[in-house]
Amino acid sequence: MGNNNNLPAATRRLFLQRSLIAMAAIAASPMISTQGFAATGETSKVPTLKTLTADDYRILSAVSDAIIPSGGAFPTGALDIDLAARIDSYIPPEDTDLIQGIRGALMFIEHKAPSLVGKEGLFSQLSIQDREALLLTLRDAGGDATSVFAALRGLNLFYFYTDDNVWPHIGYEGPLVKRGKPVYPQVGS
Amino acid sequence: MIIQGHEIFAPLKLKTHSVVVGSGAGGGVAAYHMAAAGLDTVVLEEGGYFQAKDFNQREEDMMPALYRGAGRQTTTDGMIYVWQGSTFGGSTVINTADATPIEAEVLHHWQQKFGLSELTEDNLAASYERVFKTLNVHRLEEKILNRNNKILLETANRLGYKAGVFNSNRKGCIGSGYCFTGCAYDAKQGTNLTYLPQASELGARIYTDVRVDRIERLFGNKYRVHGSVVERGTRRFRHPVEIDCERIIMAAGTVHTPAILKRSGFDKGLPQLGKNISLQPQIGISAVFPDSEKMTSWRGAPQSIYMNEFDDNRAEHGLGGFRMEGVGGMAGVFAQFSNSIGLDHKRMMQQYPSTHYSALLVPDQPTGTMDWEWGPDGKVKPKIQYTPSEEWKQRFRRGMKTASEFLLEAGAREVNFNSPVYGSITNGDQLSRIDDYPVEPGLVALTSAHVQGSCRIGLDANVGVVDQNLKLHNLDNIYIVDGSIMPTTASTHTMIPIMVMSDRAMHKLAHGA
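All of these numbers come straight from a predicted model, not from anything done at the bench.

Considering the packing of aromatic side chains
Counting across every chain of the model gives 26 aromatic pairs over all chains. Ring centres of Phe 160 of chain A and Tyr 161 of chain A lie 4.9 Å apart, and the angle between their planes is 85°; on these two criteria the pair is classed as edge-to-face. Here Phe 160 of chain A falls in the buried class, since its relative accessible area comes to 0%. By relative accessible area, which is 0% here, Tyr 161 of chain A ends up buried. With 5.2 Å between their ring centres and 15° between their planes, Phe 310 of chain B and Phe 322 of chain B make a pair best called stacked. Pair noted here: Phe 310 of chain B is in the loop between β15 (305-307) and β16 (323-326) and Phe 322 of chain B is in the loop between β15 and β16, with a separation of twelve residues, a long-range link. You can call Phe 310 of chain B partly exposed: its relative accessible area is 26%. The rings of Trp 167 and Tyr 172 of chain A together with Trp 298, Phe 334, Phe 337, Tyr 352 and Tyr 357 of chain B are connected pair by pair, giving a single aromatic cluster.

Now the structure itself:
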């Protein structure tokens, strides 16, 4: 695994900061079906995005699906709540460092990671089994590969398990108060 | 009077006697004492003004509102998250309301190593009394202790280990479990509900959404504070601020107090500025118990019980050893406490109600430094440089082994850590694996909720930044009252130590002692 230290320093550093990605805007996670994933490459199926590009969204959806697939212990997976769109809604558009870091990691996963394990093609084109296996290989590889794995894992887990739709499946009843986001009163300069 | 940034429509120019920079544990206490002494006082807080009605008990919303850098502030290598509050009330709004004193051994250590003869238990006693009264410090009520914490106490009792229930600064707590995201019931008695409103009643003007950029020294040991009214959330510049004053009390925290002093050019003659940082790193642990053993970690006081059998506090080194403390109330963060993905991870999270969460706290020696870089906006940006020592890493691994053994003894089926690479521990035969767990950036996620140092107390400028009365060594009329003044880590929780040190110095200053 000789390519583990080729990430730009800024991407590497940003993705070490993986657990608690900044959140800013109003979230309204649209629901899409599990079957919807196959079509996410089509521009028409991409939801309105605030920060990510359609390509970012497509790759992030492929990553999310591998980290939190549908089925298993409980039915809901990342695609069922359109986790990539939820993450997009929380990325502050003004945080260019963060956005560049996310994009760098997604590009690494999509284009570089498959070749590191002898696979041809793009990450997002692999089967879900191969995508999960590839992510676990990155986890165990050390260096930047592990950092990118950890970053994307943390990003996805954080926003998945803070989603109301997921809580019933893990026995968490959610907040005791039912309130929207805190208001940020603003005025022009 | 509390003035929020969006209520300011033009450049702000003020004159006052005392400016307090920051409204957390140290700044809140200082603001109260200055106002109580009848001094015209202005408090400047970069964060926003949020109240109980704003707290929605959701991590993804409240961390950007209340935490410095939305909770993403880390050391430069990314290995350690440095959690600090950045809101009206500072970290006292987002902590778990645990009230621990400066350990006696720590004071002895400061006396022996640094010659700080004035910082004795006797000399601090009056401050403890005042602070405890204001904050309603008392032993946590039994009714809000949850199973997640109690299992530490029960297991410790069975093993003959030391453990205990925290004292706390709550009032009328219902045990909702959301301390980390601000108390929606005004039960946690932070400075936002105690010292700051009292200071306001006494005439202090408290500005939120105002960042201090630098301080200019004027003729006659007076100062001009240059700041910016910022937009809440983005913190983009809105209006300039200039405040002429006679006294400045810095309470912007271990990271930003030295950064402001550096930006102001006050670092000359202060060789210790930005050095000697302690992070007291901790790691999150999850332990899956049988389904019948409901932990319900998200309800009740999140952090109410500690297991301190392995504390090693001595006058030679201050805090040492390691300890476990229960923790709860952040599903999004705690979901990361393992290395699994896919169906394995979902299986683990399905057992969330029967999963115990705790933190392993491993005190450190003050070895970190604050470095600086000039940002594109022309301002100095702080960079926290910190590498754990080999001795610390050994103690950390010993702590992980002990915690694993302890939780398996308690009945856990598997123990996991906040690391993408550390595997699960399911039986005692696997403990030796921990010897090989890497403690390196990217391979483990540590958290510091108790960052201290960077402007430590010392008898002169060669060893410290402030004196025992917390006055800057090289300039008159500038004081520092936040966690940055601690020569070494003061306690396992730092709110009370900071408040007590601030109270002692500010009470003396206000009374001309």
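Digging into the sheet that holds strand β13 (residues 247-250) of chain B
Residue and element names in this part refer to chain B. Read across the open sheet, the six strands follow the order β1-β9-β4-β3-β13-β22; overall the sheet is parallel. Since the sheet does not close on itself, it has two edges, and those belong to β1 (2-3) and β22 (478-480), each with one partner. As paired strands, strand β3 (residues 18-21) and strand β4 (residues 41-45) are joined by four bridges and run parallel to one another. Bridging from a neighbouring strand, Val 21 pairs with Leu 44 of β4. Packing of helix α7 (residues 253-263) onto the sheet brings it into contact with β3, β13 and β22, and relative to β13 it is tilted by some 140°.

Re the environment of Gly 326 of chain B
Looking at the element boundaries, Gly 326 of chain B is found in strand β16. C-alpha separation for the pair Gly 326 of chain B and Thr 494 of chain B, spaced 168 residues apart in sequence, amounts to 17 Å.

With respect to the domain arrangement of chain B
Residue and element names in this part refer to chain B. For chain B, the assigned domains are domain 1 (2-97 + 100-136 + 180-276 + 453-510) and domain 2 (142-168 + 282-363 + 389-438). Taken over C-alpha atoms, the centre of domain 1 sits 31 Å from the centre of domain 2. With 20 residues of domain 1 in contact, the opposing surface of domain 2 contributes 22 residues. Counting each side, the surface lost to burial between domain 1 and domain 2 is near 1,600 Å², with a carbon and sulfur contribution of 62%. Considering only the surface of domain 1 that becomes buried against domain 2, Glu 59, Phe 180 and Thr 492 emerge as the three largest contributors, covering 32% of it. One can count zero salt bridges joining domain 1 with domain 2. Applying the counting rule to domain 1 against domain 2 returns eight residue pairs in polar contact (both at pLDDT 80 or more). The dominant element in the side of domain 1 that touches domain 2, judged by the number of residues it contributes, is helix α3 (residues 104-114), at five residues. Per-class residue counts for the side of domain 1 that touches domain 2 are seven nonpolar, ten polar and three charged.

Things to note about a nonpolar patch on the surface
On the surface, a cluster of nonpolar side chains totalling about 270 Å² of accessible area is made up of Leu 176 of chain A together with Ile 174 and Tyr 185 of chain B. Along the chain, Tyr 185 of chain B falls in the loop between β8 (167-168) and α6 (195-201). Given a relative accessible area of 31%, Tyr 185 of chain B falls into the partly exposed group.

A few points about empty space enclosed by the protein
If you walk through the whole model with that rule in mind, you get seven cavities of 30 Å³ or more. Estimates place the volume of the largest cavity at around 100 Å³. As for the largest cavity, its lining consists of 16 residues, of which Arg 170, Cys 173, Ser 176, Cys 179 and Cys 183 of chain B are closest to the centre. Broken down by class, the residue content of the lining of the largest cavity amounts to ten nonpolar, four polar and two charged. Viewed by domain, the lining of the largest cavity spans two of them, domain 1 (2-97 + 100-136 + 180-276 + 453-510) and domain 2 (142-168 + 282-363 + 389-438) of chain B, each represented by three or more residues. In this structure, the second largest cavity occupies an estimated 60 Å³ of space. Trp 167 and Tyr 172 of chain A together with Gln 57, Arg 58, Glu 59, Glu 60, Tyr 178, Trp 298, Gly 329, Met 330, Ala 331 and Tyr 352 of chain B together form the lining of the second largest cavity. Among the residues making up the lining of the second largest cavity, the classes are represented as seven nonpolar, two polar and three charged.

Re the interface of chain A and chain B
Taken together, the contacts link 64 residues of chain A with 66 residues of chain B. For the pairing of chain A and chain B, the buried interface totals around 5,300 Å² over both sides, and the portion due to carbon and sulfur atoms is 58%. Linking Arg 86 of chain A and Glu 60 of chain B is a salt bridge whose minimum nitrogen-to-oxygen distance equals 3.2 Å. Connecting chain A to chain B are 27 residue pairs in polar contact (both at pLDDT 80 or more).

Some points on the pairing of strand β12 (residues 237-245) of chain B
All names here are of chain B. In this structure, strand β2 (residues 12-15) lies alongside β12, joined through four bridges in parallel fashion. Among the inter-strand pairings, Lys 15 is bridged to a residue of β12, identified as Asp 244. Bridge count for strand β11 (residues 222-230) against β12 is eight bridges, and the pairing is antiparallel. Note on β12: the bridge partner recorded for Val 229 is His 239. In this antiparallel pair of consecutive strands, β11 and β12, the connection spans six residues, and Gly 233 shows a positive phi of 95°.

What counts and how
- Numbering of residues starts from 1 in every chain and runs along the sequence as written.
- Labels are handed out in written order, letters beginning with A for the chains and numbers beginning with 1 for the ligands.
- Local features in this predicted model are restricted to residues whose pLDDT is 70 or higher, and side-chain atom pairs enter the listing and the counts only when it is 80 or higher, whereas totals over whole chains, interfaces and linings include all residues.
- Processing note: side-chain calculations cover all non-hydrogen atoms of the structure and skip hydrogens and water entirely.
- Side-chain rings of Phe, Tyr and Trp (the six-membered ring for Trp) are treated as a pair once their centres are within 6.5 Å; stacked means planes under 30 degrees apart, edge-to-face means over 60, and tilted covers the remaining angles.
- When accessible area is computed with a 1.4 Å probe and restricted to protein chains, residues below 20% of their type maximum are described as buried, those above 50% as exposed, and intermediate ones as partly exposed.
- A run of H or I in DSSP becomes a helix once it reaches four residues, and a run of E becomes a strand once it reaches two; helices and strands are each numbered from the N terminus.
- Paired strands are those between which DSSP finds at least two bridges.
- Contacts are residue-level and defined by heavy atoms, with any inter-residue pair within 4.5 Å sufficient.
- Only the stretch in contact is used when fitting a helix axis, every axis being a line fitted to C-alpha atoms; angles between N-to-C directions are given from 0 to 180 degrees.
- The domain limits used here are those given by an automatic or database domain assignment.
- Note on terms: buried area is the combined drop in 1.4 Å-probe accessible area of two parts once they are placed together, counting the loss on both.
- Between Lys or Arg on one side and Asp or Glu on the other, a salt bridge is scored when a side-chain nitrogen of the former is within 4 Å of a carboxyl oxygen of the latter.
- Pairs of N or O atoms within 3.5 Å make up the polar contacts considered here, provided that, within protein, one atom can donate a hydrogen while the other can accept it, and that residues adjacent in sequence are counted only when both atoms are side-chain atoms.
- In this classification, Asp, Glu, Lys and Arg are treated as charged, Ala, Val, Leu, Ile, Met, Phe, Trp, Tyr, Cys and Pro as nonpolar, and every other residue, Gly included, as polar.
- Think of a patch as exposed residues, more than 30% relative accessible area, with no salt bridge, where like charges cluster within 9 Å and nonpolar side chains (Val, Leu, Ile, Met, Phe, Trp, Tyr) cluster within 5 Å.
- In this description, accessible areas are obtained by the Shrake-Rupley approach with a 1.4 Å probe, and a residue is regarded as covered only by the protein chains that are shown.
- Using only the protein atoms, space was sampled on a 1 Å grid; points where a 1.4 Å probe fits but cannot get out form cavities, open sets with protein on both sides within 12 Å along at least five of seven lines form pockets, and lining residues are those with an atom within 4 Å of a point.
- Grid points are joined across faces, edges and corners, and a volume is the space filled by probe spheres set on the points.

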